Amino acid sequence: MQNERLRAVMATGGWTHAALAAAVDVDPKSVERWVNLGRTPRRTTALQAAETLGEDVHALWPRLRQPRAARAVSSELVALYDQRADLPVSAFADLITQARKRIDVLVYAAVFLHEAYPRLNELLRERAHDGCTIRIALGDADSPNVQQRGAEERFGHGIESRCRLALMHYRPLVEVSGIELRTHGTTLYNSVYRADDQMLVNGHVWGVNAYASPVWHLRRSGNGSMFDTYAESFDAVWATARPVEG
């Protein structure tokens, strides 16, 4: 199966198999297989090729969006993603859609959700109307810990602005029955997105933006589990957070 997107991008840019192969240090036959047989290169090579071509790597090789198969080390680990950017926003929306009892969100900003899924507030209203208890904890833009994260990620005051933007997005939900919105000033080790007994955890890496950090998908399997560890962590942060007034 040919990779027509790759073929078109190369043709538009005047790239031959040999030229692209030289640019990313592979054999020209490898590039030929990418184009004519639809082969997917290794992630590092794909990223280099995409950057060379000025194209999104997932547009050229959609398979790279697929999560790694979870090893049987833990029965709770459903999938592992190398970085949050590999996880389509529809996965977050689907998780929320499936919730019947509880939705918990712990982030600093995560404005990518509203940017890529404009009906997020509407979806949350629907889940609350159907009986879900929804708790959303956003970063306090004036918190030293939030500001420190901006400095560490070389994001500067941008992260504070995004916290304020996130609060603006969620504020219309303050008066909705079943939804509670708070701001917190804790050090955020992980962003947590919980829906009943499923959870997406975006681990944070020093100096790395959240979109480039890994995500693991957990499914609760019993008491004292890894899932419960993150759930209890959310509760601890929630207890320190301040309610947002309407």
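Below you will find a few notes about this structure. (Residues numbered from 1 in each chain as written. Predicted model: local features only at pLDDT ≥ 70, side-chain atom pairs only at ≥ 80, totals over all residues. Heavy atoms only, no water.)

This model, assessed by the stated rule, comprises 13 salt bridges. For D235, the salt bridge is made with R135, and the minimal N-O distance between the two is 2.8 Å. Taken as a pair, D235 in helix α11 (residues 226-240) and R135 in strand β4 (residues 133-139) lie far apart in primary sequence, 100 residues in all. The class of D235 is partly exposed, set by a relative accessible area of 37%. Judged by relative accessible area, R135 falls into the buried class, the value being 12%. The salt bridge involving R182 is made with E180; its shortest N-O contact spans 2.9 Å. (Salt bridge = Lys/Arg side-chain N within 4 Å of Asp/Glu carboxyl O. Helix = DSSP H or I, 4+ residues; strand = E, 2+ residues; numbered from the N terminus. Buried < 20%, exposed > 50% of the residue type's maximum accessible area, 1.4 Å probe, protein only.)

Here we come to helix α9 (residues 144-152). Taken together, the buried positions of α9 are V146, R149, G150 and E152. When α9 is viewed along its axis, its buried side chains cluster within an angular range of 165 degrees and face the same direction. Exposed residues lying more than 90 degrees from the buried face of α9 are P144 and A151. In this structure, the buried residues of α9 make contact with β4 and α10 (158-170). By the N-cap criterion, in which a side-chain oxygen at the helix start approaches the backbone nitrogen of a residue two or three places on, α9 is capped by S143, the distance to N145 being 3.1 Å. (Arc of directions from axis to C-beta. Contact = heavy atoms within 4.5 Å. Polar contact = N/O pair within 3.5 Å; in protein donor to acceptor, adjacent residues only side chain to side chain.)

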